[in-house]
Amino acid sequence: MKIAFIGDIVGQPGRKMIDKYLKKIKEEYALDFVVANYENASHGFGLTPKNANELFSYGIDVMTGGNHTWDKKDIIPLFDSYEILRPHNYPEDVAGDGCRVYEVSGEKLAILNLMGHTSMPYCDNAFRCAKQNVEKLHKEGVKNIFIDFHAEATSEKRGMMMLLQGTVSAIIGTHTHVSTDDLQIVDHTLYLTDIGLTGCRDNVIGMDAKVPLKQFLTGMKGHYDIPKKCKSILQLVVMEIVEGRCLDAFKLKQFDDGRTIKTAAWVEETHN
């Protein structure tokens, strides 16, 4: 199967980029399934029902969340009627879930959404949750497993890779909105510390620079807003998965001026 993952969608600029380019990308690379992180999709904070319908109409199959999942309270009923996940390591009595299995190209594909701990809301241990759920999926015969690990600390993301490499198909980090340059395949597990945002690229992590700059200079906080005009980018990773193993992958950076940058994953040889 060939699947794609889109990083944190930030507001209307991010949604517009998906509307403009996703259909073309799906056709060009013969994608079977598309996953995207929604947690900043509505005005930069959370997801509304209107924007959920909008994003699904553009060709996204399932959406993952993070620490801003709960910013729009009308998301709660959507967990039962849409393919919308929240971090699976929230306590069990919280609405929704973060692990679902789908039929893709005649095979089962599990999407597991997790959230880290450093500078994040309280949640259960992400590493124990990951290990337990991956073991459970294997017992159920699910080999193809994709993980969106929504975390601040690069060390937590790298640690998750070291814990699970060789047992899952892909682990891609979200949350920081800044892409990292470490797309790699190790023991047939794809890894990227952070995929980066989809939205405005000429400001501060997708938000108008005025408020964060004031905060950096004076310590005075304010409300972050999405710029009305900006230069935008769509960032996604395409991966080919066979029998649970990632065989090939690349990162696409699609700019709003038509430029495209394609970067292949490197394959790390292991000597265990």
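To keep things clear, this report deals only with the structure shown in the data block. (Residues numbered from 1 in each chain as written. Predicted model: local features only at pLDDT ≥ 70, side-chain atom pairs only at ≥ 80, totals over all residues. Heavy atoms only, no water.)

Quick look at the pattern of salt bridges
- A complete count under the given rule lists 10 salt bridges for this structure.
- Ionic pairing is found between Glu54 and Arg15, a salt bridge with its closest N-O pair at 2.9 Å. On the criterion of sequence distance, the pair formed by Glu54 in helix 2 (residues 49-57) and Arg15 in helix 1 (residues 11-28) is long-range, its members being 39 residues apart.
- We classify Arg15 as buried; its relative accessible area is 7%.
- With its nearest N and O atoms 2.7 Å apart, the salt bridge here joins Lys136 to Glu140.
- What makes Glu140 partly exposed here is its relative accessible area of 39%.
- Residues joined in a network through salt bridges with shared partners are Glu83, Asp97 and Arg100. (Salt bridge = Lys/Arg side-chain N within 4 Å of Asp/Glu carboxyl O. Helix = DSSP H or I, 4+ residues; strand = E, 2+ residues; numbered from the N terminus. Buried < 20%, exposed > 50% of the residue type's maximum accessible area, 1.4 Å probe, protein only.)

Here we look at the state of the cysteines
- Summed over the entire model, instances satisfying the criterion amount to one disulfide.
- One disulfide in the model links Cys200 with Cys230; its S-S distance is 2.0 Å. A torsion of -70° about the S-S bond marks the disulfide between Cys200 and Cys230 as left-handed. Taken together, the residues span a long stretch of sequence, with Cys200 in strand 10 (residues 199-200) and Cys230 in the loop between helix 6 (210-218) and strand 11 (232-242) at a distance of 30 residues.
- A relative accessible area of 24% places Cys230 in the partly exposed class.
- The thiol of Cys246 is not disulfide-bonded; the next cysteine sulfur, from Cys99, is found 19 Å away. (Disulfide = S-S within 2.5 Å.)

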